[in-house]
Amino acid sequence: MDFTALGITALVAVLCGLDRTAAGQFMICRPIVAAPLTGLLLGEATIGLQIGAMLELLWLGRLPVGAAIPPDDSQVAVGCTFLAVMGHAQTGLPPQALAAASLLIGMPFGKAGQLFDRLARLLNARLLNRAELALDSSQPKQLEKLHLYGLWHFAAASLATLAVVICGGMVCLPLFCKYMETSLVSAAPWLWLLFPLVGIGSLLSGLKVPRGAFLFGGSFVIGLFVLALR
Amino acid sequence: MKLPRSVLLRVLSRSFLLQASWNYEQMQSLGLIYALGPAFRYYYRDAVLLAAYRRHLEYFNTHPYLATTVIGAVLKLEEQTQQGIDPGFTIKEFKSALVAPCAAMGDAFFWGAVRPVAAVFALLLAFHGSWWGPVSFLVLFNLPHIWFRLQGLIKGYGGGVRVVSLLQRWHLSDWAIYLKQSLVVLLGFFTAVLGATAAENLDAGLAWGCFAGPVVMALSVLLRRKVTPLLMIILLSLLLLSWYQLH
């Protein structure tokens, strides 16, 4: 295993994990940014861009509203890019096929992210008790330190999710590629289309927009017409 | 005692870490204290500072991008209370009245509208391998993000309780609806692009791309019936792989 690549991936995972909730929320954590960034740093930018484009829409409709925790697509994007880049170096399969394979394997493991995220938030609740104690002992500065301590919890949760995605992927991906190699290569161009199609369906299913069907149908027909004129 | 610009800048920069200790009990309460910290230390000392912190160590949850609006208004109210001006309600009452509408408007506008519109626009570029995809996503999303954070603090601190009418003037709920309509249009166009690519894969005429629209509509109906996207993608991918395995 390439430990430098793993270290870089872990750094991107922490950056994205923090950006997701705890710090900034500039949306570096979105797959369309996180995966290409990982790919770029690992020297396989195209694989990252492909993974980001395939994954972006799938869980975009799951909003981080109130106490709801959406599936951790950031760590899935980062972890799957790492898996695909390593797989590409080892097997020589086409990038598109490996991007699809690593996502199919990595996405179910990514569900663990919700568990770790919940755990981080539960641990953060303990900081509140310590904050009360700090106020009782007249240490207002301590409150600010305790608040920043929460960043460690979120960073640890990101790394834990990444570890599950990468470990699970490293066990399952070689087997998957070995048995499905031929069909994977043939099906790759279709899988490349299938992911965004399901993503669009998923987004549309959650949208309540006046005249939505009319707008969608109209722009689809006009779009096809414009593409036909090219 | 008016806050200097340097203190307001520190409050603004700290607002980016509002959710660092997000938890299920009081959600962003410690984050609020962290953001208010530089201003409070300017206003208060010793026991009064402790009392101010204790006053704000309570449930607080709003949209992180609109939080600066609440923070700015809270700072103004703290300032007015010091000057002996009675706004007719407590800061606690004002905060609890403002956080929920800000959260609802922010969720609908940023998470439900700006983010998907920026994402679909970026995907239209990234799908053809363009690096402008991720770049345009970051720019399109973060322009309104940063603008609202900055304006929220300036207007919130400048206006105090009058910030409520400012929030109404922003018409965020209406903008969310317009953006969602644009999103549906972009999704329709993106589906057409995917349909055209599928027709190219098949080496068939573009007319075959017409199937993409109904396929997406059928998928959206299925997904509305509690089928998760993950399950659907795995099932459809396995079907596709089995087809190629058998042929």
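Residues numbered from 1 in each chain as written. Chains lettered and ligands numbered in written order. Predicted model: local features only at pLDDT ≥ 70, side-chain atom pairs only at ≥ 80, totals over all residues. Heavy atoms only, no water.

Caption draft 1: Geometry of the overall build of chain B. Tallying secondary structure elements over chain B gives ten helices and zero strands in all. Counting from the amino terminus, chain B carries its helices and strands in the arrangement α-α-α-α-α-α-α-α-α-α. The C-alpha radius of gyration of chain B comes to 24 Å, more than 25% above the 18 Å expected for a compact globule of 247 residues. Judged by the C-alpha coordinates and their principal axes, chain B covers about 80 × 30 × 30 Å. Within chain B, the proportion of its 247 residues that are buried is 56%. Across chain B, every contact between residues at least 6 apart in sequence was considered, and the portion connecting residues at least 24 apart equals 73%. With an accessible surface of roughly 11000 Å², chain B has 67% of that area assigned to carbon and sulfur atoms. When the 20 positive and 11 negative side-chain charges of chain B are each reduced to one mean point, those points stand 4 Å apart. (Helix = DSSP H or I, 4+ residues; strand = E, 2+ residues; numbered from the N terminus. Rg over C-alpha atoms; globule rule 2.2 N^0.38 Å. Buried < 20%, exposed > 50% of the residue type's maximum accessible area, 1.4 Å probe, protein only. Contact = heavy atoms within 4.5 Å. Areas by Shrake-Rupley, 256 points an atom, 1.4 Å probe, with all protein chains shown as cover. Lys, Arg positive; Asp, Glu negative; His and termini not counted. Charge placed at Lys NZ, Arg CZ, Asp CG, Glu CD.)

Caption draft 2: Seen up close, the confidence of the model for chain A. The pLDDT averaged across chain A works out to 93; a share of 100% of its residues lies at or above 70. For chain A, per-element mean pLDDT is lowest for helix α8 (residues 212–229) of chain A, which scores 92, and highest for helix α2 (residues 31–42) of chain A, which scores 97. (pLDDT = per-residue confidence, 0-100.)

Caption draft 3: Highlighting the environment of I71 of chain B. Residue and element names in this part refer to chain B. Inspection of the secondary structure assignment puts I71 in helix α4 (residues 67–82). Here the alpha-carbon distance between I71 and L222, two residues 151 residues apart in the chain, equals 43 Å. Setting aside anything within four residues of it in sequence, one finds I71 in contact with V11, S15, L18, L32, A35, L36 and L153.

Caption draft 4: Main features of the packing of aromatic side chains. Residue and element names in this part refer to chain A. Enumeration over the complete set of coordinates arrives at 21 aromatic pairs over all chains. Seen in terms of ring centroids, F216 and F220 are 6.5 Å apart; in terms of plane orientation they differ by 5°. Their pairing is stacked. Separated by four residues within a single helix, F216 and F220 lie in helix α8, roughly one turn from each other. On the accessibility criterion, F216 (3% relative accessible area) is buried. Residue F220 is classed as buried on the basis of its relative accessible area of 7%. (Phe/Tyr/Trp six-rings, centres within 6.5 Å; stacked < 30°, edge-to-face > 60°.)

Caption draft 5: Broad picture of empty space enclosed by the protein. For the structure on display, the rule yields two cavities of 30 Å³ or more. Within this model, the largest cavity holds a volume of roughly 70 Å³. If you go around the largest cavity, the residues you meet are G17, R20, T21, D72, G113, D117, F154, A157, S158 and T161 of chain A. Those elements that place two or more of their residues in the lining of the largest cavity are α1 (3–20), α6 (112–136) and α7 (140–206) of chain A. Class assignment of the residues belonging to the lining of the largest cavity gives a composition of two nonpolar, five polar and three charged. Around the second largest cavity, the lining residues are T21, A22, G24 and Q25 of chain A together with S15, F16, L18, Q19, P64 and R149 of chain B. (1 Å grid on protein atoms, 1.4 Å probe; cavity = no way out; pocket = protein on both sides within 12 Å on 5 of 7 lines; lining within 4 Å. Points joined across faces, edges and corners; volume = space filled by probe spheres on them. Nonpolar A, V, L, I, M, F, W, Y, C, P; charged D, E, K, R; others polar.)

Caption draft 6: Local environment of the interface of chain B and chain A. Every contact between the two is made by 91 residues of chain B and, on the other side, 91 residues of chain A. Buried area between chain B and chain A, summed over both chains or domains, comes out near 8300 Å², and the portion from carbon and sulfur atoms is 77%. Our enumeration of links across chain B and chain A arrives at three salt bridges. Across the pair R14 of chain B and E144 of chain A runs a salt bridge whose closest N-O atoms are separated by 3.1 Å. For the interface between chain B and chain A, the tally reads 22 residue pairs in polar contact (both at pLDDT 80 or more). Within the residue set of the side of chain B that touches chain A, elements represented by two or more residues are α2 (29–43), α3 (46–56), α5 (91–126), α6 (132–159), α8 (172–202), α9 (212–224) and α10 (229–246) of chain B. Taken together, the residues of the side of chain B that touches chain A break down into 59 nonpolar, 23 polar and nine charged. (Buried area = accessible area lost by both parts, 1.4 Å probe. Salt bridge = Lys/Arg side-chain N within 4 Å of Asp/Glu carboxyl O. Polar contact = N/O pair within 3.5 Å; in protein donor to acceptor, adjacent residues only side chain to side chain.)

Caption draft 7: How the structure looks around α8 of chain A. For α8 of chain A, which comprises 18 residues, the first-to-last C-alpha distance of 26 Å matches the rise-based estimate of 26 Å (1.5 Å per residue) to within 8%. In this structure, the buried side of α8 of chain A is in contact with α7 of chain A together with α8 and α9 of chain B. (Expected span 1.5 Å × (residues − 1).)

Caption draft 8: Spatial organisation of the packing of α2 of chain B against α3 of chain B. Residue and element names in this part refer to chain B. α3 packs onto α2 with a crossing angle of 150° between their chain directions and a minimal axis gap of 10 Å. With respect to α3, the element α2 is oriented roughly antiparallel. By crossing handedness, the relation of α2 to α3 is classed as right-handed. Residues S29, L32, I33, L36, G37, F40 and R41 of α2 lie in contact with α3, whose contacting residues are L49, A52, Y53 and H56. For the contact of α2 with α3, the residue count by class is seven nonpolar, three polar and one charged. (Axes fitted to C-alpha atoms, helices over the stretch in contact; angles between N-to-C directions. Parallel < 35°, antiparallel > 145°, perpendicular 65-115°, else oblique. Left-handed = near helix turned anticlockwise from the far one by under 90°.)

Caption draft 9: Structural view of the packing of α2 of chain A against helix α4 (residues 73–91) of chain A. Residues and elements named next belong to chain A. Direction vectors running N to C along α2 and α4 enclose 30°, while the axes themselves pass 8 Å from each other. The orientation of α2 relative to α4 falls into the category roughly parallel. The hand of the α2/α4 crossing is right-handed. Here P31, A34, A35, T38, G39 and L42 of α2 come into contact with α4, specifically with D73, A77, V78, T81, F82 and V85. Here the contact of α2 with α4 is built from residues that sort into eight nonpolar, three polar and one charged.

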